[in-house]
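# Coordinate inspection notes
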Amino acid sequence: MYLITQLRDPLRQLKPGNLIFLTLAGIINAFGVTIFLSPVKLYDSGISGTAMLLSQITPESWGLSLFLVALNVPLFLYGLKKQGGLFTLYAIYTVLIYSIGAWLIIDVLPIDVSFASPLAGSDLLLCALFGGLISGLGSGLAIRFGGAMDGIEVMAVIFAKRLGMSVGTFVMGYNILLYIICGIVIESWILPLYSIVTYMAALKMVDAIVEGFDRAKSVYIVTTKEDAVCDILSKTFEQGITIIGAKGYFSGADCKVVWVVLNRFQISRMRELVHQADPRAYIAIYEVADLFKMENTPQSAS
């Protein structure tokens with residue numbers, strides 16, 4: 001009854017666009033895992049990797065698809081209160097698509113994935129890299145469009161703080177433990193070590209999809225010649241610029257912080273221009289994952 005109550009309203013909030021991309025995410029993840037990783041006994045990360053190990057040591061009728069659903073869905077439902085109904089529905093839907101895709105490739109379609117990758121053969125490095133990149137693409141799309149591909153991330157959000165660690169550390173700890181268990185079970189460390197390559201490739205791809213391939217650069221310029229700096233930057237890059245009042249702690253002198261967001265190709269030119277305008281300017285540069293511009297909304301009459 002509780003589940004029905006919590007999921008009834010989110011059902012009305014489902015967006016067709018998100019479902020399309022989550023469907024694509026599940027298919028991509030299934031392709032990466034079943035075409036590159038599973039044939040050569042490499043392991044994905046998280047619950048997906050756990051399901052792959054269990055499918056290898058249990059009867060053949062208990063396949064990867066069954067374990068994906070049996071392990072992930074209860075974790076998503078357990079995290080319902082913390083993550084919300086809409087996320088839970090999207091995540092379960094994505095895992096179901098992933099599971100069905102894996103079942104079709106392994107058991108239905110005329111693709112032989114029983115002993116080697118159809119595309120990379122038995123080359124473990126190629127399988128590890130491309131399996132990680134492709135499954136990371138699927139996982140990244142799932143996260144970007146409101147869902148998830150793996151229940152371990154939900155458990156990390158719930159338990160990491162209680163254990164005094166970050167979410168990333170929790171997930172990494174789980175994966176390290178998983179690969180150690182894999183090595184013990186199969187009595188070899190070669191495949192678990194290559195699986196770490198898969199994990200790192202997937203991690204970088206997830207970051208790229210969620211945060212963007214070409215991150216912008218947030219530039220802070222501490223200067224006493226803000227007018228000259230802003231004038232030359234505005235004319236060169238035609239970007240919006242913000243000036244923030246500041247004061248030197250040791251000198252006590254008043255100064256300004258000029259803030260501007262540029263792309264990575266503009267950084268070198270920016271440094272030259274700023275030091276032409278103010279040779280003593282201090283420049284700090286940070287990566288920006290996302291930029292949002294809020295639209296102006298009419299003020300209500302008082």
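Quick look at the structure, then. All values derive from a computational prediction rather than experimental measurement.

Our next topic: the packing of aromatic side chains. What the rule picks out here adds up to eight aromatic pairs. Ring geometry for Tyr220 against Trp259: centres 6.3 Å apart, planes inclined by 25°, an arrangement best described as stacked. Placement of Tyr220 in strand β1 (residues 216-223) and of Trp259 in strand β3 (residues 254-262) is noted, with a sequence separation of 39 residues between them.

Together, Met172, Ile176, Ile180, Ile184, Trp189, Leu193, Ile196, Met200 and Leu203 make up a nonpolar patch on the protein surface, roughly 830 Å² of accessible area in all. Only α9 (167-186) and α10 (190-211) provide two or more residues apiece to the nonpolar patch. Mapped onto the secondary structure, Leu203 falls in helix α10.

To continue, consider the pairing of β3. For a regular strand, side chains alternate in direction, first toward one face of the sheet and then toward the other. Relative to β3, β1 runs antiparallel, the two sharing seven bridges. Bridging across to β3, Val219 finds its partner in Val260. As paired strands, strand β2 (residues 242-247) and β3 are joined by six bridges and run antiparallel to one another. Across the sheet, the residue bridging to Ile243 is Val258, located in β3. The loop that links β2 with its antiparallel partner β3 comprises six residues; one of these, Gly252, has a positive phi angle of about 75°.

Okay, the side chain of Lys217 next. Within the secondary structure, Lys217 is located in strand β1. Side-chain polar atoms of Lys217 contact the side chain of Glu287, separated by 3.4 Å. For Lys217, the contacting residues outside a window of four places in its chain are Val260, Val261, Leu262, Asn263, Arg264, Ile267, Ile285, Tyr286, Glu287 and Val288.

For the pair helix α8 (residues 151-159) and α9, interaxial distance at closest approach is 9 Å and the crossing angle is 130°. As far as their axial angle goes, α9 and α8 are oblique. Considering only the axes of α8 and α9, their crossing is right-handed. In this structure, α8 contributes Ile152, Met155, Ala156, Val157 and Phe159 to the contact, and α9 contributes Val167, Phe170, Val171 and Tyr174. When grouped by side-chain class, the residues that make up the contact of α8 with α9 number nine nonpolar, no polar and no charged.

Here we take up the sheet that holds strand β4 (residues 282-288). Here four strands make up an open sheet; going across it, the order is β2-β3-β1-β4 and the pairing antiparallel. Strands at the two margins of the open sheet, each flanked by one partner only, are β2 and β4. This sheet shows a mean twist of 25° between the axes of neighbouring strands, independent of strand direction. Taken strand by strand, helix α11 (residues 226-237) contacts β1, β2 and β3, and its axis lies near 10° from that of β3. Along the sheet face, helix α12 (residues 267-277) touches β1, β3 and β4 and points at about 160° away from the line of β4.

Let us now look at the pattern of salt bridges. Oppositely charged side chains can form a pair if their charged atoms are brought close together. In the structure shown here, the tally under the stated rule is three salt bridges. Of the charged contacts, one joins Lys217 and Glu287 as a salt bridge, the two residues approaching to 3.4 Å between their closest N and O atoms. Residue Lys217 is located in strand β1, and its partner Glu287 is located in strand β4; the two are separated by 70 residues in the primary sequence. Look at Lys217 and you get buried, because its relative accessible area is 18%. In this structure, Asp231 engages Lys235 in a salt bridge whose closest nitrogen and oxygen atoms are separated by 3.4 Å. A residue pair is termed a helical-turn pair when its members lie 3 or 4 positions apart in one helix, as Asp231 and Lys235 do in helix α11 at four residues. Of the residues examined, Lys235 reaches a relative accessible area of 62% and is grouped as exposed.

Thresholds applied
Residues numbered from 1 in each chain as written. Predicted model: local features only at pLDDT ≥ 70, side-chain atom pairs only at ≥ 80, totals over all residues. Heavy atoms only, no water. Phe/Tyr/Trp six-rings, centres within 6.5 Å; stacked < 30°, edge-to-face > 60°. Helix = DSSP H or I, 4+ residues; strand = E, 2+ residues; numbered from the N terminus. Patch = residues over 30% accessible without salt bridge, like charges linked within 9 Å, V, L, I, M, F, W, Y side chains within 5 Å. Areas by Shrake-Rupley, 256 points an atom, 1.4 Å probe, with all protein chains shown as cover. Salt bridge = Lys/Arg side-chain N within 4 Å of Asp/Glu carboxyl O. Pairing = 2+ DSSP bridges. Polar contact = N/O pair within 3.5 Å; in protein donor to acceptor, adjacent residues only side chain to side chain. Contact = heavy atoms within 4.5 Å. Axes fitted to C-alpha atoms, helices over the stretch in contact; angles between N-to-C directions. Parallel < 35°, antiparallel > 145°, perpendicular 65-115°, else oblique. Left-handed = near helix turned anticlockwise from the far one by under 90°. Nonpolar A, V, L, I, M, F, W, Y, C, P; charged D, E, K, R; others polar. Buried < 20%, exposed > 50% of the residue type's maximum accessible area, 1.4 Å probe, protein only.

These values are about where atoms sit, not about what they do.
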